[in-house]
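# Structural features, examined
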Amino acid sequence: MGLICKLPEVLTQAKAEYENLKSAPFLLGEEVGQSGNILAEGDNAQFMKLLLDGDSDRVSLEGKIQQIYIDPPFFSKANYDAVIKLQGEDGETSVKHMAYEDVWKEGMAEYLKMLAVRLYLMRDLLAKEGTIWVHLDWHGVHYVKILMDEIFGEKNFINEIVWTYKSGGSSKKHFARKHDTILVYGKTDKYYINLPKEKSYNRGLKPYRFKGVEEFQDEVGWYTMVNMKDVWSIDMVGRTSAERTGYATQKPEALLERIIAAGSREGDIVADFFCGSGTLGAAAGKLGRRWICCDEGKLAVSASMKRLIKAGQEMQILRSEDAQAEALKQPVVESFLVEASTWPSLFENKTSCTIELKEYKLKEEDVVSSDEVQETIARTTDENPLALVDYWCIDFDCHDMKFRPDTFFFRDKKGLQAVCEKELETDTLPGRTIMVKVVDIFGNVSTSVHEGKLLLTEK
Ligand SMILES: C[S@@+](CC[C@H](N)C(=O)[O-])C[C@H]1O[C@@H](n2cnc3c(N)ncnc32)[C@H](O)[C@@H]1O
């Protein structure tokens with residue numbers, strides 16, 4: 001039976017799965033600042049169900065999200081790597097590490113069902129004036145458009161945007177495939193959209209001098225400003241771009257900025273439930289929108305977190321129970337060594353506290369499989385015991401079982417700062433719990449806890 005005949009069944013099954021979906025808890029793992037932005041780690045269907053149902057910590061977001069952009073796997077039948085940099089004595093070495101899978105044992109029907117369940121949930125989260133932007137390519141876009149016509153309604157179709165780019169690789173058998181497609185639908189026909197203008201060059205690049213038409217000239221020639229067309233040419237993230245995270249299939253912030261500026265206003269909530277390296281969050285933060293991002297991969301979440309914190313964004317990190325158990329196995333003494341010490345400060349009533357990260361090893365269960373990668377890791381960590389650390393952070397006053405780091409050290413081209421010194425008020429130290437979190441280049445998280453009173457007595 002051809003796939004077209006299976007589509008009704010795919011939709012029926014997806015609808016049943018969506019209707020029977022049970023909400024699962026997501027726990028607040030960390031909090032950076034006070035904003036309402038959320039970065040969640042776990043399966044997006046369960047996360048969306050939680051946003052719809054609400055819980056004791058948050059109200060339901062049903063009908064509250066102005067814009068949803070998703071860039072899900074494309075049904076490319078491939079696995080995607082992230083390129084990870086290791087800093088040894090002789091400079092940087094790159095290793096590849098699996099970022100996410102796009103392989104479907106039961107083929108297109110399985111893929112479409114996965115997506116349809118989630119499209120139903122997204123429809124419920126969207127505001128009446130909201131829009132959904134689904135980023136795909138030639139592999140599945142034609143089938144997904146049919147699903148979206150059913151789920152969102154044909155009459156709510158807005159655009160099929162073609163994003164065209166330059167990239168390496170072509171074939172002798174077909175024209176070079178250099179565009180992706182973004183399907184745009186409204187929740188209703190009363191959707192909000194802010195259409196930008198673009199230059200349209202006159203024929204012959206000469207002025208037309210039509211009455212009432214404003215014309216401009218630049219180094220190319222004469223043009224008028226018209227409503228933007230649905231074919232967008234925007235560069236991909238270049239190899240040496242400052243924006244590059246190394247995460248596979250990272251999309252350019254310029255593309256997301258255009259999408260967000262068109263579909264939302266300052267202060268609106270925008271969301272990406274397949275967020276990868278957090279491009280939507282980065283663009284949304286720049287444009288003053290509140291954002292919600294989710295990904296099931298720990299590498300994606302750690303890449304997003306690092307990128308967004310470095311950009312000065314505040315957020316809550318929520319994790320599914322499984323992801324939380326994995327992320328905060330504590331204390332993981334065998335995986336990293338922290339030395340915490342105190343001594344009298346020059347300032348009255350203060351104590352100097354030093355936290356030093358001494359070494360970091362992969363836990364046995366986190367060891368990556370490829371022999372080649374393992375050899376590179378072993379060699380580099382012999383030279384540099386902190387080579388696997390991507391960033392580390394500290395909460396000097398950890399309470400209510402919540403981790404609220406305010407001091408961060410990110411690896412950059414010069415390396416990683418391994419010592420943190422902080423002046424703390426002496427009489428507050430006995431009651432403090434100091435928590436250190438280390439995130440490695442594969443997205444593994446480890447924590448260690450230090451009691452302030454013990455540090456004082458050890459002195
Ligand atoms: C194409 S990538 C997104 C790239 C992203 N737009 C960026 O700029 O970095 C797709 C992402 O969807 C995530 N993903 C796939 N299935 C998921 C699911 N069920 N729940 C949450 N995330 C999922 C993958 O882990 C992957 O990071």
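About the cut-offs
- Residues numbered from 1 in each chain as written.
- Predicted model: local features only at pLDDT ≥ 70, side-chain atom pairs only at ≥ 80, totals over all residues.
- Heavy atoms only, no water.
- Pairing = 2+ DSSP bridges.
- Helix = DSSP H or I, 4+ residues; strand = E, 2+ residues; numbered from the N terminus.
- Axes fitted to C-alpha atoms, helices over the stretch in contact; angles between N-to-C directions.
- Buried < 20%, exposed > 50% of the residue type's maximum accessible area, 1.4 Å probe, protein only.
- Domains from an automatic or database assignment.
- Contact = heavy atoms within 4.5 Å.
- Buried area = accessible area lost by both parts, 1.4 Å probe.
- Salt bridge = Lys/Arg side-chain N within 4 Å of Asp/Glu carboxyl O.
- Polar contact = N/O pair within 3.5 Å; in protein donor to acceptor, adjacent residues only side chain to side chain.
- Nonpolar A, V, L, I, M, F, W, Y, C, P; charged D, E, K, R; others polar.

## Let's talk about the sheet that holds strand β22 (residues 445–451)
Read from one edge to the other, the open sheet built from four strands follows the order β19-β18-β21-β22, with strand pairing classed as antiparallel. This sheet does not close on itself; its edge strands, each paired only once, are β19 (407–410) and β22. Direction aside, neighbouring strands of the sheet carry axes that sit 15° apart on average. Sheet analysis places strand β18 (residues 389–395) next to β19, joined by four bridges and oriented antiparallel. Each bridged residue has a counterpart across the sheet, and for I394 the counterpart in β19 is T407.

## Considering unusual backbone geometry
Unusually for a residue other than glycine, L205 sits at a positive phi of about 60°. Along the chain, L205 falls in the loop between β9 (197–201) and β10 (216–217). For L205, a relative accessible area of 35% translates into the label partly exposed. Phi at R209 takes a positive value of approximately 60°, unusual for a residue other than glycine. Turning to its location among the elements, R209 is positioned in the loop between β9 and β10.

## Some thoughts on the domain arrangement of the protein chain
Looking at the protein chain, the domain boundaries give domain 1 (3–195 + 234–320) and domain 2 (336–458). The gap between the C-alpha centroids of domain 1 and domain 2 is 32 Å. Opposite the 24 residues of domain 1 that make contact, domain 2 presents 29 residues. Among the residues domain 1 hides against domain 2, the three largest losses belong to L86, Q87 and K306. Together they make up 27% of the total. Across the salt bridge formed by K437 and E30, the nearest N and O atoms sit 2.7 Å from each other. Summed over the shared surface of domain 1 and domain 2, the result is five residue pairs in polar contact (both at pLDDT 80 or more). Residue contributions to the side of domain 1 that touches domain 2 peak at seven residues, all from helix α7 (residues 298–310). Across the side of domain 1 that touches domain 2, the residue classes tally to eight nonpolar, six polar and ten charged.

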